[in-house]
Amino acid sequence: MQNLKRLTDDQLVAEFVRGENRAFDELLERHKQRVHNYILRIVKDADVADDVFQETFVKVIMTVKQGRYTADGKFASWILRIAHNVVIDHFRREKAEALVSTDDADYNLLNNRDLCDGNVEDVLCDAAVRNDIRHLVKALPTEQRQVLVMRYYSQMSFKEIAERTGVSINTALGRMRYALLNLRRMAGEKKIELTR
């Protein structure tokens, strides 16, 4: 195996897709500080930033493994866009729990289309997707299902999941990764669309 440090981001992504997990470790090492700083600057809370950072890299792994990353030499910008979307998801969850104040944000949350309620079609599509996902989640192996449910349904941090299940954070992240990979595989086999 060639020296991974000499490869471009896109070459590392290609190696990771071919099964070289160390290539992803190199990508993570290369971009973690910039991505974490970006997230922290927006959310202004170190624990929340850690959770958003972890969730960002889970999404990056899933997107790359699904073949939805297009190599164009702009991996750094792409990963920051994913981080931004995960931050928005965080604020949506906070908004749903009525815990966010617009006084704390650097931008106007109340004037953001991404945070608005959907129309009737959106609601119906979301309900159908949630129902399909619920059936797929039930089919996951117990350890993967446990981590996924704790993360997405109980909104627990990976640190909390690790403590609750008695495993390391990396193990919790790994189980989440495999849960998402299995969901994607099962959805493909059953011809279920997981997004609207």
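Structure first, text after, so check above.
Residues numbered from 1 in each chain as written. Predicted model: local features only at pLDDT ≥ 70, side-chain atom pairs only at ≥ 80, totals over all residues. Heavy atoms only, no water.

So, the environment of Lys65
Assignment of secondary structure puts Lys65 in helix H3 (residues 46-65). Separated by 47 residues in sequence, Lys65 and Arg18 place their C-alpha atoms 9.5 Å apart. What Lys65 contacts, discounting residues up to four positions off in sequence, is Phe16, Val17, Arg177 and Leu181. (Helix = DSSP H or I, 4+ residues; strand = E, 2+ residues; numbered from the N terminus. Contact = heavy atoms within 4.5 Å.)

Observations regarding the packing of helix H6 (residues 142-153) against helix H7 (residues 158-165)
For the pair H6 and H7, the least separation of the axes is 10 Å and the interaxial angle reads 135°. Judged by the angle between their axes, H6 and H7 are oblique. In this structure, H6 meets H7 at a crossing whose hand is right-handed. Where H6 abuts H7, its residues Gln146, Val147, Met150 and Arg151 lie against Phe158, Ile161, Arg164 and Thr165. (Axes fitted to C-alpha atoms, helices over the stretch in contact; angles between N-to-C directions. Parallel < 35°, antiparallel > 145°, perpendicular 65-115°, else oblique. Left-handed = near helix turned anticlockwise from the far one by under 90°.)

Structural notes on a nonpolar patch on the surface
Together, Val149, Tyr152 and Tyr153 make up an exposed nonpolar region whose accessible area comes to about 250 Å². Relative to the elements of secondary structure, Val149 occurs in helix H6. (Patch = residues over 30% accessible without salt bridge, like charges linked within 9 Å, V, L, I, M, F, W, Y side chains within 5 Å. Areas by Shrake-Rupley, 256 points an atom, 1.4 Å probe, with all protein chains shown as cover. Salt bridge = Lys/Arg side-chain N within 4 Å of Asp/Glu carboxyl O.)

Quick notes on helix H4 (residues 75-96)
The end-to-end C-alpha distance of H4 is 32 Å, a good match for the 32 Å that 22 residues give at a rise of 1.5 Å each. Of the residues making up H4, those classed as buried are Phe75, Ala76, Trp78, Ile79, Leu80, Ile82, Ala83, Val86, Val87, Ile88, His90 and Phe91. For H4, the secondary structure elements touched by its buried residues are helix H1 (9-17), helix H2 (21-43) and H3. (Expected span 1.5 Å × (residues − 1). Buried < 20%, exposed > 50% of the residue type's maximum accessible area, 1.4 Å probe, protein only.)

Focus on unusual backbone geometry
When glycine is set aside, most residues are seen to have a negative phi, and most peptide bonds are trans. Of note in the backbone geometry, Lys44 takes a positive phi value of approximately 60° without being a glycine. Mapped onto the elements of the fold, Lys44 is located in the loop between H2 and H3.

A closer look at the packing of aromatic side chains
Inspection of every chain in the model, using the stated rule, returns six aromatic pairs. Look at Phe75 and Trp78: their rings are 5.6 Å apart centre to centre, the planes differ by 45°, and that puts the pair in the tilted class. Here the residue Phe75 and the residue Trp78 both occupy positions in helix H4, the gap between them amounting to three residues, near one helical turn. The pair Phe75 / Trp78 is uniform in exposure class, with both members buried. Here the aromatic residues Phe16, Phe24, Phe53 and Phe57 are joined through ring pairs into a cluster of three or more. Across from the ring centre of Phe16, 4.4 Å away, lies the NZ or CZ of Lys65, which sits over that ring. One cation-aromatic arrangement involves Arg177 over Tyr178; the distance from NZ or CZ to the ring centre is 5.4 Å. (Phe/Tyr/Trp six-rings, centres within 6.5 Å; stacked < 30°, edge-to-face > 60°. Lys NZ or Arg CZ within 6 Å of the ring centre and 35° of its normal.)

Let's talk about the nonpolar core
Core analysis: the largest hydrophobic core is formed by 30 residues, its most contacted members being Val35, Ile39, Val60, Phe75 and Trp78. Among the elements that take part in this core, H4 stands out by supplying nine residues, more than any other. When residues no more than four places from it in sequence are discounted, the contact partners of Phe75 are Asp9, Asp10, Val13, Leu27, His31, Val60 and Tyr69. Val137, Leu148, Phe158 and Met176 belong to the second largest nonpolar core, which has 19 residues in total. (Core = buried A, V, L, I, M, F, W, Y, C linked by side-chain atoms within 4.5 Å.)

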